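Notes for the structure review
Read off the chains here:
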Amino acid sequence: MKILIQNGTIINSDSTINAALLLDGDIISEIISDQTRLKQAQSQADRVIDATNKLIFAGLIDMHVHFRDPGQEYKDDIFTGSAAAVAGGVTTAACMANTKPVNDNPLIAKYIIQKAKECALIDLLPISAITKASEGDKLVDMGKMLEAGCVAFSDDGLPVSNSEVMRAALEYSAFFGSFIINHSQDCSLCCGGVMNEGQTSMKLGLKGMPREQEEIMIARDILLAKLTRGHIHTAHISSAYSLRLVQRAKNDGINITCEVTPHHFCFDESELNGYDTNYKMSPPLRTKEDVQAMRDGLKNGIIDVIATDHAPHSLDEKNQEFDKAPFGILGLQTLIPLTLGLVDDGVISLNDMARLCCLNPAKLLGLNDRGQIKAGKLADIAIIDPHITYTYDARLNKSKSQNSPLFNKTLKGAAVLTIKRGKIVYEMPN
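Since the structure is predicted, the reported quantities are computational estimates derived from the model, not experimental observations.

**Thoughts on helix H7 (residues 212-228)**
Across its 17 residues, H7 extends 24 Å between first and last C-alpha, which sits within 8% of the 24 Å expected from 1.5 Å per residue. Listing the buried residues of H7 in full gives Gln213, Glu214, Glu215, Met217, Ile218, Arg220, Asp221, Ile222, Leu224, Ala225 and Thr228. Elements in contact with the buried residues of H7: helix H5 (163-175), strand E11 (180-182), strand E13 (208-209), strand E14 (232-234), helix H8 (240-251) and strand E15 (256-260). Looking one or two residues past H7, arginine 229 carries a phi angle of roughly 65°, positive in sign.

Structure, rendered in structure tokens:
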């Protein structure tokens, strides 16, 4: 099937082009700027899509999601998670290993991949646990997990606290040409904490989690990456000083990358004054100064990737006392409006958005066939309307869960049409 997308603006990390895009099967066939060739393509196409006043991005890549499958499918599963992804313009996602059972053996990894293929909406790439059952002491068989289709290693939700184990993980993953994603948290410093430690936590009477819990672990991982020459990727960075550590390490030539979530560059701890558990997450929302540091880190290029940490929880779980409610927030369907907010505020450009949400995650995950709109790349496309306003509600929500503080709020900017391997997998309802 041939699809022609015309009258839109093609956004790559290094270019902005007003041109048409021809998809032939599952491949981007041609970028067309010549009017004579455009008329030929119009007659050849099985479908012509008018993208007037819209942006054409490569399908977004989210390298940090939780689909809760296997084991907690009442929150989300691979089918609903995939549906939420394409509704958010995401065509490739990497799912964390903290399922039940933990993804620490090839059978679970293969189950995830096969179920995603049955769904046929996105490419779902499993991230293997670092340690057996994510217990932090015995490494998984990394070679077998990579052979099964895993793309990286993480005990996300839990840190690897034992430095000798983390050293071995960095050494082995480097041997296999892979990398480690660590949940940066010194648990001995934040046991029982539920929000950022500071004046707001004192006022609310909630136990705090100091930013040093993150910074200590990042500092340790930097030194271990220096020792082993392994690649450490810091998930969901949230502290201004954490970014200073990452910048220093990069300047020193240490192999470190990092990601930030939209909630950490949009919201701060003051949102918790109403005890809304939808703002409860780990790492927690921090200060306005930390939020500004995240925005500065995106602007100056210290932060490599924007990832959602999409973490669904049921209404019953979130509708508890703040101390008892689980950490986590939905993110896939709010990724585009919140990131476009950075563009509107002049923090990043549309080209930066393509770099942070498409190109860089593709590079980190070793996906050379996507992340850019170029002839020969996969026909993974997100057509984005940056001006559309709408209510993010049950009609649009594709997740089984609703744990987002933006639920039932008016948002601006969305993926109005998503194409995966040349097939239309999502169209935003009118």
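Picking up where we left off.
**Brief notes about the sheet that holds strand E1 (residues 2-6)**
Within a sheet, each strand pairs with its neighbour through backbone hydrogen bonds, oriented either parallel or antiparallel. Across the sheet, which stays open at both edges, the four strands sit in the order E5-E4-E1-E6 with mixed pairing between neighbours. The strands lining the two open edges of the sheet, one partner per strand, are strand E5 (27-32) and strand E6 (47-50). Recorded for the sheet is a direction-independent mean angle of 20° between the axes of neighbouring strands. Here E1 pairs with strand E4 (residues 20-24) via four bridges, running antiparallel. Looking at E4, one finds that leucine 4 is bridged to leucine 22. Across the sheet, helix H1 (residues 35-44) is in contact with E1, E4, E5 and E6; its angle to E1 comes to roughly 135°.

**Looking at the pattern of salt bridges**
In the structure shown here, the tally under the stated rule is 19 salt bridges. Aspartate 69 serves as the salt-bridge partner of lysine 115, at 2.7 Å between the closest nitrogen and oxygen. Highlighted residues: lysine 115 in helix H3 (residues 106-119) and aspartate 69 in the loop between strand E8 (60-65) and helix H2 (78-87), separated in sequence by 46 residues. Classification of aspartate 69 by relative accessible area gives buried; the value is 3%. In this structure, the salt-bridge partner of aspartate 290 is arginine 211, at a minimum N-O distance of 2.7 Å. Placement of aspartate 290 in helix H10 (residues 288-300) and of arginine 211 in the loop between E13 and H7 is noted, with a sequence separation of 79 residues between them. Taken together, the shared-partner salt bridges in this structure form one network comprising Asp123, Asp369, Arg370, Asp380, Lys420 and Arg421.

**Focus: the nonpolar core**
Counting 116 residues, the largest nonpolar core has Ile5, Phe57 and Ile381 as the members making the most contacts within it. Looking at which domains feed residues into this core, each of domain 1 (2-56 + 377-427) and domain 2 (59-365) gives three or more. Core analysis: the next-biggest nonpolar cluster, separate from the first, contains 17 residues, Met63, Leu125, Val151 and Leu364 among them.

Rules and cut-offs
Residues numbered from 1 in each chain as written. Predicted model: local features only at pLDDT ≥ 70, side-chain atom pairs only at ≥ 80, totals over all residues. Heavy atoms only, no water. Helix = DSSP H or I, 4+ residues; strand = E, 2+ residues; numbered from the N terminus. Expected span 1.5 Å × (residues − 1). Buried < 20%, exposed > 50% of the residue type's maximum accessible area, 1.4 Å probe, protein only. Contact = heavy atoms within 4.5 Å. Pairing = 2+ DSSP bridges. Axes fitted to C-alpha atoms, helices over the stretch in contact; angles between N-to-C directions. Salt bridge = Lys/Arg side-chain N within 4 Å of Asp/Glu carboxyl O. Core = buried A, V, L, I, M, F, W, Y, C linked by side-chain atoms within 4.5 Å. Domains from an automatic or database assignment.

That is the geometry; function is a separate question.
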